[in-house]
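A structural walkthrough
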Amino acid sequence: REVVILGRSGRPLEEVMRSGKVLAGEALKLGLKYAPHTTAVPKVPITDFMNAQYYGPVSIGTPEQEFKVIYDTGSSNLWVPGENCTGCVHKKYNSSASSTFVYNGTDFSILYGSGAVRGTCDQDTVTFGGLKVKNQVFAETTAEPGLPWVVGRFDGILGMGWVQISVNGITPVFFSMMEQKLVDAGQFSFYLSAQAWPHKKTSELALGGVDPAHFTGAFNYVPISKDGYWQIHTDSIAMGNETIRSHFDSVVDSGTSLLAFPLLTAVKINSQLGCVDAGIECVFEACPDFAKLPNMTVTLAGKPYILTAEDYILQVQEPGQPTQCISGIMGFPAPLPEGLGAILGDVFMRKYYTTFDAANNRVGFALANHN
């Protein structure tokens, strides 16, 4: 039997609370303060190439010149090839064609795990998710040495990390959006489709909130442990019943395709899985029986996040070829930056919808909805 508690007026107390000015206001304040922003927000489509490159559109200048960029939470600068870029094979930004271009001329150089680029800084209007960011400083590259920049399906990179790791202290594009009040909330969120490549649904970046269509359940938040990267404390990582590492910091990085660990840790895990090391990749001679491989458990703020073998092993099928299985676990030959213990890249973010909440210095995770 349902018990209904009545207020002094004789009306159900729940009804009184909903209609009362004071308590209704408190409920509204609590909702605004603690709930993720779920009203309609600008959404940017993301294209997936082989579960290794996720890229989408950004436009620079007036009229707009569109580029394909990786939305990278592991760096903080926007750059695209410039007109004077030597050996660049991708689309180039033409400053003389933009009426909103402003010369800057400061030297620019940045080093990534996949190679370095250098160039000069300039200023222009950047259009991202239909929102126009005025007077955004970015870089035009003049040199992009290294194979990754040649074979990549993208033209440049749009960094979404914090200003502390931004070259020349340039305000990152999303933080400029916040300063110019272009977004309703200081957060952005990634949905990465989990279908085996090339049979992919479109992935998505939501600006200024989250997209409820792409996650289930509530968010669990982990505070930022150090400004710069989207860096969070990690309780532990385990394979099956064996703890691999405990009490360290990880970076949640949309620009890293795999899960990255110190080299010896990755070698230990991959050797247990049975793949053959081929440089940065560990390839299976034949796709394994996923049911016989252990789960990986990443524990964050006391909550376990489970990755099954089907989650952490990439299945790639090129036209006319059998499915190839590649371990989603890679090793760094040198110590990770700042003594970090792991990088939680796209392998993790495909399973767990991830919101980067700059306004509250935290990262939130919810189970992605791939239906």
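Everything below is about the structure printed above this text.
Below is a short write-up of the structure. (Residues numbered from 1 in each chain as written. Predicted model: local features only at pLDDT ≥ 70, side-chain atom pairs only at ≥ 80, totals over all residues. Heavy atoms only, no water.)

Focus on empty space enclosed by the protein
- Under the defined criterion, the tally for this structure stands at three cavities of 30 Å³ or more.
- The computed volume of the largest cavity comes to approximately 50 Å³. (1 Å grid on protein atoms, 1.4 Å probe; cavity = no way out; pocket = protein on both sides within 12 Å on 5 of 7 lines; lining within 4 Å. Points joined across faces, edges and corners; volume = space filled by probe spheres on them.)

Considerations on helix α5 (residues 263–273)
- If you check which residues of α5 are buried, you get T265, A266, I269, N270 and L273. Across the axial projection of α5, the buried residues extend over an arc of 120 degrees, all falling on one side. For α5, the exposed residues set more than 90 degrees away from the buried face come down to L264 and S271.
- G274 lies just past α5 and shows a positive phi near 95 degrees. (Buried < 20%, exposed > 50% of the residue type's maximum accessible area, 1.4 Å probe, protein only. Helix = DSSP H or I, 4+ residues; strand = E, 2+ residues; numbered from the N terminus. Arc of directions from axis to C-beta.)

Focus: the pattern of salt bridges
- Tallied over the entire structure, the rule returns five salt bridges.
- Between K132 and E64 there is a salt bridge whose closest N-O contact spans 2.8 Å. One end of the pair, K132, is in strand β7 (residues 131–143); the other, E64, is in the loop between β2 (53–60) and β3 (65–72), and 68 residues separate them in sequence.
- When its relative accessible area of 43% is taken as the criterion, K132 is described as partly exposed.
- In this structure E64 comes out as partly exposed when scored by relative accessible area, which is 44%.
- Taking the shortest distance from any N to any O, the salt bridge between K268 and E242 comes out at 2.9 Å. You can see K268 sitting in helix α5 and its partner E242 sitting in strand β13 (residues 242–252), a full 26 residues away along the chain.
- Residue E242 is classed as partly exposed on the basis of its relative accessible area, which comes to 30%. (Salt bridge = Lys/Arg side-chain N within 4 Å of Asp/Glu carboxyl O.)

Notes on the packing of aromatic side chains
- For the structure on display, the rule yields 20 aromatic pairs.
- Relative to Y353, the ring of F215 has its centre 5.2 Å away and its plane inclined at 40 degrees; by these criteria the two rings are tilted. With a gap of 138 residues between them, F215 in strand β11 (residues 215–226) and Y353 in strand β23 (residues 352–357) connect regions that are remote in the sequence.
- Here Y353 falls in the buried class, since its relative accessible area comes to 1%.
- With centroids separated by 5.0 Å and ring planes inclined at 90 degrees, the aromatic side chains of Y305 and Y352 adopt a geometry described as edge-to-face. With Y305 in strand β18 (residues 303–307) and Y352 in strand β23, this pair connects stretches of sequence that are 47 residues apart. In this pair, the class of Y305 matches that of Y352, namely buried.
- One aromatic cluster is present, formed by W162, F174, F175, F188, F190, W230 and F356 through successive ring pairs.
- Note that R245 overlies the ring of F248, its terminal NZ or CZ placed 5.5 Å from the centroid.
- In this arrangement the basic side chain of K303 is found over the ring face of Y305, its NZ or CZ atom lying 5.7 Å from the centre. (Phe/Tyr/Trp six-rings, centres within 6.5 Å; stacked < 30°, edge-to-face > 60°. Lys NZ or Arg CZ within 6 Å of the ring centre and 35° of its normal.)

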